[in-house]
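# Inside the fold
This is what each chain is made of:
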Amino acid sequence: GIGAESYTVGSHEFYLAYAAKNNKLVTLDAGHYHPTESVGDKISSVLTVLDEILLHVSRGVRWDSDHVVILDDALQSIATELVRGNYLSRTHIGLDYFDASINRIAAWVIGTRNMLRALLIALLEPQAQLKKFEAEGNYTSRLALMEEIKTLPVGAVWDYYCEQKGVPVGMDWMKEIKQYEADVLAKRK
């Protein structure tokens, strides 16, 4: 019904307890938490009682959103938690890409590339050095390094990765989307 997207019966605590008791996966749906909650913050807690989790990565239901995954702080928080906690092998990542106002294939590509970019940013983080500073109680150096990380040349690494995988770099993938629209989607009308 109307508004079903914004209403979910139950609670996170109920679902988590049910999954733990019945040896089931729990889904953390990034689009269905309060705007001040971070799904990234929930991952390590959930994985203390479950072997694996399922993430439904999307944007929350807001006035400007119809789910397409963007490279924002929330996504980066999820990716960073997965990498720092070494949880990638215990996590099933599903992406939401529906937005009726834009090309669905482009929405899928945008979301997929952003999830991969977020993971790349997290994987490039100098974790050993951060952990060393933390263990030493050297919080000043840890903070300074965390700020330096924000300007690492991740874009150049991403472009190189795309080249190595034989996929378009930058906005070049949009040419393929436009061609698909002309060759396939236009004929469906």
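So, a few notes on the structure that sits alongside this text.

Even without glycine at this site, Asn-23 takes up a positive phi of about 55 degrees. The topology assignment puts Asn-23 in the loop between α1 (12–21) and β1 (27–29). Overall, the relative accessible area of 68% leaves Asn-23 in the exposed class. Backbone geometry at Asn-86 places phi at a positive 60 degrees, although glycine is not the residue there. Of the residues examined, Asn-86 reaches a relative accessible area of 63% and is grouped as exposed.

In the structure shown here, the tally under the stated rule is 3 aromatic pairs. With a centroid separation of 5.7 Å and 65 degrees between ring planes, the pair formed by Phe-14 and Tyr-15 is classed as edge-to-face.

Counted according to the given criterion, the structure contains 7 salt bridges. Residue Glu-136 is joined to Lys-132 by a salt bridge in which the shortest nitrogen-to-oxygen separation is 2.7 Å. Taken together, the residues span about one helical turn, with Glu-136 and Lys-132 both in helix α5 (residues 127–136) at a distance of 4 residues. Owing to a relative accessible area of 47%, Glu-136 belongs among the partly exposed residues under this scheme. Taking the shortest distance from any N to any O, the salt bridge between Lys-178 and Glu-181 comes out at 3.6 Å.

The contact between helix α4 (residues 104–124) and helix α8 (residues 173–183) brings their axes to 10 Å, and the two run at 160 degrees. Put simply, α4 runs roughly antiparallel to α8. Both α4 and α8 take part in a crossing whose hand is right-handed. Within the contact between the two elements, α4 uses Ile-105, Ala-106, Val-109, Ile-110 and Arg-113 and α8 uses Trp-173, Met-174, Ile-177 and Tyr-180. Classifying every residue of the contact of α4 with α8 gives 8 nonpolar, no polar and 1 charged.

To continue, consider the environment of Leu-120. With respect to the secondary-structure elements, Leu-120 resides in helix α4. Among the residues examined, Leu-120 registers a relative accessible area of 15% and is labelled buried. Between the alpha carbons of Leu-120 and Tyr-15 there is a distance of 30 Å; along the sequence they are 105 residues apart. Beyond its immediate chain neighbours, meaning those up to four positions away, Leu-120 contacts Val-154, Val-157 and Trp-158.

Here 3 strands make up an open sheet; going across it, the order is β1-β2-β3 and the pairing parallel. Of all strands in the sheet, those with a lone pairing partner are β1 and β3 (91–95), marking the two edges. Ignoring strand direction, the axes of neighbouring strands in this sheet form an average angle of 20 degrees. Pairing between β1 and strand β2 (residues 53–57): 3 bridges, direction parallel. By the bridge assignment, Leu-28 is partnered in β2 with Leu-55. Packing of helix α2 (residues 39–46) onto the sheet brings it into contact with β1 and β2, and relative to β1 it is tilted by some 170 degrees. Of the strands in this sheet, β2 and β3 touch α4, which is tilted by about 145 degrees from β3.

Let's shift gears to the pairing of β2. On β2, burial follows the alternation: Ile-53, Leu-55 and Val-57 on one face are buried, whereas Leu-54 and His-56 on the facing-out side are not. Between β1 and its parallel partner β2, the chain crosses via α2, and the hand of that crossover is right-handed. Where β2 lies against β3, 5 bridges are found, and the strand directions are parallel. Counted as the bridge partner of His-56 is Gly-94 from β3.

Rules of the game
- In this numbering scheme, every chain counts its residues from 1 along its sequence in written order.
- Given that the model is predicted, a residue must reach a pLDDT of at least 70 before its local features are reported, and side-chain atom pairs must reach 80 or more before they are shown or counted; all residues, however, enter totals for whole chains, interfaces and linings.
- Hydrogens are left out, water is left out, and the side-chain values use all remaining heavy atoms of the structure.
- Put simply, DSSP marks the helices as runs of H or I at least four residues long and the strands as runs of E at least two long, and each gets a number from the N terminus on.
- Burial classes: relative accessible area under 20% of the type maximum marks a residue as buried, over 50% as exposed, and values in between as partly exposed (1.4 Å probe, protein chains only).
- The aromatic pairing rule takes the rings of Phe, Tyr and Trp, using the six-membered ring of Trp, and pairs them if the centres are within 6.5 Å, calling planes under 30 degrees apart stacked, those over 60 edge-to-face and the rest tilted.
- By convention in these notes, a salt bridge is any Lys or Arg side-chain nitrogen within 4 Å of a carboxyl oxygen on Asp or Glu.
- Interaxial angles span 0 to 180 degrees and are taken between N-to-C directions of axes, which are lines fitted to C-alpha atoms, for helices over the stretch in contact.
- Working definition: roughly parallel below 35 degrees, roughly antiparallel above 145 degrees, roughly perpendicular at 65 to 115 degrees, and oblique for all remaining angles.
- Helix crossings are classified by the rotation of the near helix relative to the far one: an anticlockwise turn of less than a right angle makes the crossing left-handed, while a clockwise turn makes it right-handed.
- We call two residues contacting when some pair of their heavy atoms lies within 4.5 Å.
- Classification used: nonpolar for Ala, Val, Leu, Ile, Met, Phe, Trp, Tyr, Cys and Pro, charged for Asp, Glu, Lys and Arg, polar for all others including Gly.
- A pair of strands is treated as paired once DSSP finds two or more bridges between them.
- Whether a crossover is right-handed comes down to one check: with the strands pointing away from the viewer, does the path from the first strand over the helix to the second run clockwise; if it does, it is right-handed.

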